[in-house]
Every structure is written in C-alpha cells, then in structure tokens.
Protein chains: 2
Amino acid sequence: MPTRIYRPIHVGTLASGTGLLLPVHEIKGDRPGPTVGISAGIHGEEATGVEIVYRFLHTVELNGLAGRLLVMPVANPFSYAAVSRGTPIDMMNLNRVFPGNAGGHLTEQMAHKIVEGFLRSLDVYVDLHSGGSTPTVDYVYIINAEELSRAFGSRLLYRPKETLNGTSISVTRGLNIRSVVVELGGGRVDQSAYVSRGIAGLLNILRTLDVLPGPVSPPPAQVVLREIVTLRPHHGGLLLPEVTEMGGEVRGGQVLGRVVSPYSMEELEVIRCPFERGVVVLTHLAPSVVEPGIYGFMIGNLATAEA
Amino acid sequence: MPTRIYRPIHVGTLASGTGLLLPVHEIKGDRPGPTVGISAGIHGEEATGVEIVYRFLHTVELNGLAGRLLVMPVANPFSYAAVSRGTPIDMMNLNRVFPGNAGGHLTEQMAHKIVEGFLRSLDVYVDLHSGGSTPTVDYVYIINAEELSRAFGSRLLYRPKETLNGTSISVTRGLNIRSVVVELGGGRVDQSAYVSRGIAGLLNILRTLDVLPGPVSPPPAQVVLREIVTLRPHHGGLLLPEVTEMGGEVRGGQVLGRVVSPYSMEELEVIRCPFERGVVVLTHLAPSVVEPGIYGFMIGNLATAEA
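Residues numbered from 1 in each chain as written. Chains lettered and ligands numbered in written order. Predicted model: local features only at pLDDT ≥ 70, side-chain atom pairs only at ≥ 80, totals over all residues. Heavy atoms only, no water.

Of the residues lining the interface, 35 residues belong to chain B; the matching set on chain A comes to 35 residues. Interface area, chain B with chain A, both sides summed: about 2600 Å², of which 57% is carbon and sulfur. Where chain B packs against chain A, one counts 0 salt bridges. Applying the counting rule to chain B against chain A returns 16 residue pairs in polar contact (both at pLDDT 80 or more). Of all elements in the fold, only β2 (9–13), α3 (106–117) and β18 (288–290) of chain B reach the threshold of two or more residues within the side of chain B that touches chain A. The dominant element in the side of chain B that touches chain A, judged by the number of residues it contributes, is β2(B), at 4 residues. Considered class by class, the residues forming the side of chain B that touches chain A number 15 nonpolar, 17 polar and 3 charged. (Contact = heavy atoms within 4.5 Å. Buried area = accessible area lost by both parts, 1.4 Å probe. Salt bridge = Lys/Arg side-chain N within 4 Å of Asp/Glu carboxyl O. Polar contact = N/O pair within 3.5 Å; in protein donor to acceptor, adjacent residues only side chain to side chain. Helix = DSSP H or I, 4+ residues; strand = E, 2+ residues; numbered from the N terminus. Nonpolar A, V, L, I, M, F, W, Y, C, P; charged D, E, K, R; others polar.)

Below, the structure written as structure tokens:
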C-alpha cells in the first residue's frame with residue numbers, strides 16, 4: 001500500500017498573521033521508480049487543474065505505485081482564492097518569475113520555495129493549466145517528453161520554438177526533468193468533461209511511465225501545432241463569441257467573436273481568424289464580460305502544423 | 001505666452017464602459033527648443049510624483065519657455081486610483097512591459113501607446129517615482145544624462161550597471177533620449193518637503209537645459225552609488241524601523257528594522273545592514289503594516305561609491 005504524507009512548504013507569515021503554506025502531498029509507492037510531480041493553480045484563476053488534481057487523488061487507485069508522486073494541488077493559494085491570474089499581494093505572475101529569489105518580492109520568494117522544495121526533486125513533471133474564468137482551452141505543450149505529452153490524450157499539441165522565461169517549465173527543462181504542460185478547460189461552462197479527461201490523462205501518463213499498473217490507452221489522432229496566435233481584444237464590454245467548437249477549423253477572416261458595448265449598444269471590435277486555415281485552441285464558449293487585453297481567442301495555424 | 005493643450009491618449013474602452021485615457025499636457029513655448037517629457041505614476045502607488053507634477057504645473061511660471069513640455073501626470077490611472085504598484089485589471093507592472101505590445105495584455109497595450117504617443121517625441125525625459133504607501137526613498141538614477149540627474153539636486157545618485165528591461169527608460173535610452181529617473185518621497189509621513197524639492201528639481205533641470213530662464217542652482221555635495229541592495233522581509237506583520245534618517249550612514253550588522261507579530265507578539269525577523277559602511281536610500285520612517293517581499297530597506301554601499 002502506498003503511504004501518503006501531507007507536508008506543506010512554509011513560505012512565511014503574512015500581515016494577517018496567517019502562514020502562507022504551499023500544499024505538497026507525497027505518495028510513496030511500494031516499489032522503486034521515478035518521482036513524478038504534478039502541480040496546478042500556478043495561475044489561481046485556472047481552477048480546473050486544481051479540481052482535476054483533487055479528484056485524481058480521491059478516485060484513482062494508487063495500489064501498485066512505483067516510485068513516488070509529489071503533488072502540489074494549488075501552487076498559488078491566494079491567487080486561487082481570489083480567482084486571479086497573479087498573486088493579489090504583489091500583483092506578480094508566479095509563472096513569470098521562476099526560478100524565483102529567496103530575498104525577492106513575495107511571489108519570487110514563493111517560486112524559490114517551489115523550486116527548492118518541489119521541482120528539484122522530480123524526474124517527471126506535469127503542470128496543469130486551464131483557460132481562466134471566461135476562456136476555455138484545450139492543448140498540450142511538447143517540451144522535452146513528447147511521448148508523455150501525447151499520452152495525456154488531447155488532440156492538439158503545441159511544439160513552441162522556445163520555453164518562456166520565468167515559467168516552472170524553464171526550470172525543469174534546465175534540470176532535464178521530463179516535463180508536460182497541459183492546458184485544459186476553464187470558462188463559464190460545465191467543467192466535468194474536462195475534469196474526467198484530466199484524470200484519465202494523468203493516469204495514462206503514469207501508466208506510460210510504468211509508475212502505475214494497467215493498460216496504456218493509445219492517443220487519438222493528434223495534430224502538432226508549431227504556431228499559435230493569441231488574439232486579445234482592445235476594448236472591454238460583452239464578448240459575443242461566434243466559434244464555440246473547441247478544436248474546430250476556422251477560415252481566414254472568419255469572425256471569431258465581437259466585443260459589443262452594453263452601454264452604447266455599439267459594436268466596438270470584431271476579432272477575426274488571421275490564418276488561412278486555423279484551428280480553435282482557446283475560445284469563449286459563452287458570452288462573457290471582458291476587459292481589454294484578456295485571452296480572447298487562440299488560433300493554431302494548420303498550414304505550418306506537423307502532419 | 002506658452003500655450004497649453006490637454007490631449008489625452010485613448011487606450012480603449014473598458015468593461016465598465018469608461019474610456020481608459022492617459023493624460024498628456026502639451027505646453028508649447030514661444031521660442032525653439034527641445035521637447036522635454038515628464039511622467040509620474042507609472043507605478044500608481046508612488047503618488048508623490050503625481051503631486052509634484054500637479055503642483056509644478058500650477059505654481060511654476062512657464063513664461064519664456066523654449067521648445068515644449070509634454071507632461072503625463074498619471075501614466076497608470078487605475079493603478080493610481082487603487083494605490084497599487086501594478087494595473088488592477090491584469091496585475092501587470094507597467095514599468096516591466098515596455099516597449100509594450102499593441103495586441104498584448106492591457107498593460108502592454110498601455111505601454112505601447114505611451115511609447116508611440118509620448119516617449120518617441122521626446123528629446124529629454126524625466127520619470128518621477130517614489131517609495132509607495134509605506135517606504136520613503138531619496139535618490140536619482142544616472143542613466144545617460146549625468147548633468148541633468150545631478151541638476152535635480154538630490155544628495156544620493158545611483159549609476160546602475162544595466163538598465164532594467166521593460167522600463168520606460170529602457171525605451172528612451174535606446175532612442176538616445178537624455179533620461180533622468182527620480183526616486184523621491186513616499187511613505188506615511190508628510191510629503192510637502194518632498195513635493196517642494198521635486199518642483200525645485202524639475203525647475204532646475206529645465207533651467208540647466210536653458211528651456212526656462214533663470215539661474216541654475218548648483219547641486220549640493222553628491223555621492224554616486226554603484227551598488228544598492230534591496231532588503232525585503234520574509235514575513236509580514238508590523239515593521240518597526242530603527243533607521244529613520246534618509247541618507248544617514250549605517251554600519252555593518254546594524255539593525256535597520258524588525259518585523260514583529262501583533263498577533264503572537266513574537267519578533268519574526270530582524271533586518272540588518274549588509275555593508276560595512278552603508279547609506280540609507282530607502283527606509284520606513286514610521287511603523288508600518290507590511291506583507292512579505294515589500295521594499296523594506298535599500299542600502300547603498302559607500303565602499304564602492306564614487307568619490
């Protein structure tokens with residue numbers, strides 16, 4: 001039987017007198033194997049990943065586990081509580097300040113503790129992101145472990161040219177830790193299908209690693225994108241999306257959505273597909289109140305995708 | 001007589017239906033001369049710079065002005081209104097995202113508009129910062145215009161090895177615009193002396209440039225620091241400062257302040273001077289409620305300072 005220990009990382013005491021604790025669950029298997037880390041909630045607004053981790057630990061049978069799991073279900077607790085992308089106390093984006101700084105701003109101090117108390121111990125790392133309060137997203141990054149990224153089971157994958165500075169992945173990649181970044185779910189729609197897929201995806205990665213027993217599910221037909229554009233509105237108001245099929249194809253110039261003013265009743269902005277043949281990676285599945293600059297749509301370029 | 005035009009830069013419409021306007025005042029002189037830009041409130045929490053600009057425009061006689069002044073009194077209005085360092089809507093630090101991005105997050109869109117509508121037009125640029133809600137600061141950066149930095153009249157100057165990426169100065173320096181960054185005032189103390197010094201400093205820079213008539217005041221004895229360390233607490237609570245003389249000397253190991261818990265009554269942290277001979281560049285002049293990671297103290301190293 002695997003043993004489970006809860007050993008949160010203490011970051012510091014806050015002005016409210018409460019301690020800022022970063023939760024870590026360690027589950028030790030009965031046989032030797034790698035250390036697999038799973039994190040969610042680096043961006044607190046991306047709460048679907050947190051739910052995936054919660055339900056994964058409550059529903060998946062871990063008997064027969066090899067090695068150990070290190071699970072950080074909510075990497076930025078105050079951001080999670082505030083449903084915000086950054087840390088409310090210092091307004092910093094945790095996933096832009098790695099490897100952090102022991103003497104830096106609070107978010108930099110958190111990043112430093114996450115590196116030293118969590119990331120450094122790993123052989124494999126899966127980081128769960130989602131689309132935030134209003135957008136829904138669905139793809140998996142290929143960083144340095146294509147087989148594992150494919151094993152998660154999403155249809156769209158993305159092979160970026162470079163790893164973004166300051167991300168947790170920039171640290172694990174530098175340490176040669178096999179790393180997967182999942183973008184799944186979010187938005188003002190029922191998350192249960194995304195949560196189920198997330199649990200199945202994590203399980204399939206662990207089976208692919210032979211860390212958990214059981215048959216590996218082969219991935220579906222997958223497309224590897226090499227180019228994704230993020231379209232952000234220049235005006236806030238009510239975003240009325242016109243493409244609401246995740247992974248659907250869109251044509252050049254096709255209207256993706258419109259920002260309208262519920263005050264003046266004017267149309268403020270029309271957002272269109274910039275590629276001849278695009279695929280919907282992130283969209284709004286429901287009309288949403290938006291501010292300028294949010295993640296409106298993300299469109300992959302099928303012309304430059306890998307066959 | 002100089003003419004004055006208010007021509008704010010329109011960034012976009014927000015979800016609240018209000019327009020986000022960045023204020024710009026243009027004051028045209030009667031004779032030819034350079035365009036001098038003054039900005040404040042890039043960090044909204046640093047409100048003393050905003051007051052300096054307000055009072056400067058209301059009290060300084062601008063007859064005889066050569067060239068023109070372009071004044072942006074509040075570069076980040078929502079940050080100013082929220083008394084926060086970052087933009088509340090997207091939690092980004094405006095002074096880390098320059099030159100911005102026309103299709104980026106809202107703060108990146110703002111930076112882009114500031115570059116195109118303000119910074120690019122300048123021959124000389126003065127950016128006013130201060131210490132925020134709780135700390136007080138007092139020094140001037142030497143970027144690429146030492147005579148102008150000295151002319152502001154502060155006793156402490158700082159010659160950094162590099163210009164921080166993403167700052168407004170990184171843009172103006174790249175454009176060979178003579179640039180001065182002032183750090184003055186802030187904290188929970190009467191700001192009137194800092195405001196008066198700010199007005200006098202701006203006036204003296206303009207006289208040094210021969211943009212305004214009148215005698216130039218020679219600077220006081222000045223020290224040019226080449227090394228400043230920022231000391232941030234690791235715990236929040238009540239910060240009890242023990243050095244409250246701006247520009248005063250401190251010895252190695254000397255206690256600068258203590259963070260205590262008003263809950264448990266314990267002492268949580270002692271912050272000490274790391275240099276054998278230090279000088280106080282930023283401190284807390286009054287006991288303050290603080291979170292971990294804030295600007296606690298900044299100490300210059302006198303051992304490596306320029307004579």
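Here the narrative resumes.
Here we come to the environment of B:I205. You can see B:I205 is positioned in helix α6 (residues 192–208). Not counting residues within four places of it along the chain, the set of residues in contact with B:I205 comprises B:V126, B:L148, B:A151, B:F152 and B:V180.

As a further point, take the environment of B:E61. Mapped onto the elements of the fold, B:E61 is located in the loop between α1 (47–59) and β6 (66–72). For the pair B:E61 and B:I177, spaced 116 residues apart in the sequence, the C-alpha separation amounts to 25 Å.

Okay, the domain arrangement of chain A next. All names here are of chain A. Considered domain by domain, chain A is made up of domain 1 (3–223) and domain 2 (227–304). A straight line from the C-alpha centre of domain 1 to that of domain 2 covers 27 Å. Between domain 1 and domain 2, the contact holds 14 residues from the first and 19 residues from the second. Among the residues of domain 1 in contact with domain 2, T134, T136 and L156 are the three that bury the most area, contributing 35% of the side total. In this assembly, domain 1 and domain 2 are joined by 0 salt bridges. In this structure, the connection of domain 1 to domain 2 is made through 5 residue pairs in polar contact (both at pLDDT 80 or more). Every element with two or more residues in the side of domain 1 that touches domain 2 is listed here: β8 (136–142) and β9 (156–158). The greatest single-element share of the side of domain 1 that touches domain 2, amounting to 4 residues, is contributed by β8. (Domains from an automatic or database assignment.)

For the match of chain B to chain A, the screw axis carries a shift of 0.0 Å, the RMSD comes to 0.0 Å, and the turn is 180 degrees. Such a combination of turn and shift is consistent with a two-fold rotation axis. Among all residues of chain B, the one whose C-alpha sits closest to the rotation axis is B:M91, at a distance of 2.4 Å. Taken together, the interface assignments show that 100% of the residues at the interface of chain B recur at the interface of chain A, consistent with an identical surface on both copies. (Least-squares fit on C-alpha atoms with pLDDT ≥ 70 in both.)

Moving on: the packing of helix α1 (residues 47–59) of chain A against helix α6 (residues 192–208) of chain A. When two helices pack together, their arrangement is given by the angle between their axes and by how far apart the axes lie. Residue and element names in this part refer to chain A. Between α1 and α6, the shortest axis-to-axis distance is 9 Å and the interhelical angle comes to 60 degrees. One finds that α1 runs oblique with respect to α6. Considering only the axes of α1 and α6, their crossing is right-handed. Along the contact surface, α1 presents T48, E51, I52, R55, F56 and T59, while α6 presents Y194, V195, G198, I199, L202, L203 and L206. Per-class residue counts for the contact of α1 with α6 are 8 nonpolar, 3 polar and 2 charged. (Axes fitted to C-alpha atoms, helices over the stretch in contact; angles between N-to-C directions. Parallel < 35°, antiparallel > 145°, perpendicular 65-115°, else oblique. Left-handed = near helix turned anticlockwise from the far one by under 90°.)

Turning our attention to the packing of aromatic side chains. Enumeration according to the criterion identifies 8 aromatic pairs over all chains in this entry. For the pair A:Y139 and A:Y158, a centre-to-centre distance of 6.1 Å together with 70 degrees between the ring planes defines the contact as edge-to-face. Of this pair, A:Y139 sits in strand β8 while A:Y158 is found in strand β9, placing the two residues 19 residues apart along the sequence. Residue classification places A:Y158 among the buried residues on the basis of a relative accessible area of 15%. Taking the centre distance of 6.2 Å and the plane angle of 80 degrees together, the rings of B:F118 and B:Y125 count as edge-to-face. Overall, B:F118 belongs to the buried group, its relative accessible area being 0%. Members of the aromatic cluster, connected to one another through ring pairs, are A:Y139, A:Y141 and A:Y158. (Phe/Tyr/Trp six-rings, centres within 6.5 Å; stacked < 30°, edge-to-face > 60°. Buried < 20%, exposed > 50% of the residue type's maximum accessible area, 1.4 Å probe, protein only.)

Moving on, we get to the pairing of β6(B). All names here are of chain B. β6 sits mainly inside the fold: 6 of its 7 residues count as buried. Relative to β6, strand β4 (residues 25–28) is paired through 4 bridges, and the arrangement is antiparallel. Note on β6: the bridge partner recorded for K28 is R68. Looking at chain direction, strand β5 (residues 31–40) and β6 are connected through 6 bridges and run parallel. Bridge pairing in β6 places R31 opposite A66. Handedness of the crossover joining β5 and β6 through α1: right-handed. (Pairing = 2+ DSSP bridges. Right-handed = clockwise from strand over helix to strand, strands pointing away.)

This brings us to the pattern of salt bridges. For the structure on display, the rule yields 24 salt bridges over all chains. The partner of A:E26 in a salt bridge is A:R7, with the nearest N and O atoms 3.0 Å apart. Taken together, the residues A:E26 in strand β4 (residues 25–28) and A:R7 in the loop between β1 (3–6) and β2 (9–13) connect sequence positions 19 residues apart. Note that B:E51 is salt-bridged to B:R55, the shortest N-O span being 2.8 Å.

All names here are of chain B. Formed by 41 residues in total, the largest nonpolar core has its most connected members in L94, F98, I114, L119, Y139, L225 and V281. Of all elements in the fold, only β2, β3 (19–22), β6, α3, β8 (136–142), β9 (156–158), α5 (168–174) and β17 (277–283) reach the threshold of two or more residues within this core. For this core, the leading source of residues is α3, giving 5 residues. Beyond its immediate stretch of four places on either side in the chain, I114 contacts L22, M72, A75, L94, F98 and L119. (Core = buried A, V, L, I, M, F, W, Y, C linked by side-chain atoms within 4.5 Å.)

Further remarks concern the sheet that holds strand β13 (residues 237–241) of chain A. Sheets are built from strands paired through backbone hydrogen bonds, the pairs being either parallel or antiparallel. All names here are of chain A. Ordered in space as β16-β15-β13-β18, the 4 strands form an open sheet in which the pairing is antiparallel. Because the sheet does not close on itself, it has two edges, and the strands there are β16 (267–272) and β18 (288–290). Between one strand axis and the next, the sheet turns by 30 degrees as a mean value, whatever way the strands run. Note that β13 and strand β15 (residues 255–260) share 4 bridges and pair antiparallel. By the bridge assignment, L238 is partnered in β15 with V260.

Here we take up the side chain of B:S154. All names here are of chain B. Note on placement: S154 falls in the loop between α4 (146–151) and β9. At a separation of 3.2 Å, a polar atom in the side chain of S154 contacts the side chain of R197. S154 has contacts with D138, V140, R197, P220 and Q222, leaving out every residue within four places of it along the chain.

Looking now at the side chain of B:H105. Position of B:H105 relative to the elements: it lies in the loop between α2 (77–82) and α3. For B:H105, the residues in contact, after removing those within four places along its chain, are A:R85, A:R232, A:G293, A:Y295, B:D90 and B:M92.

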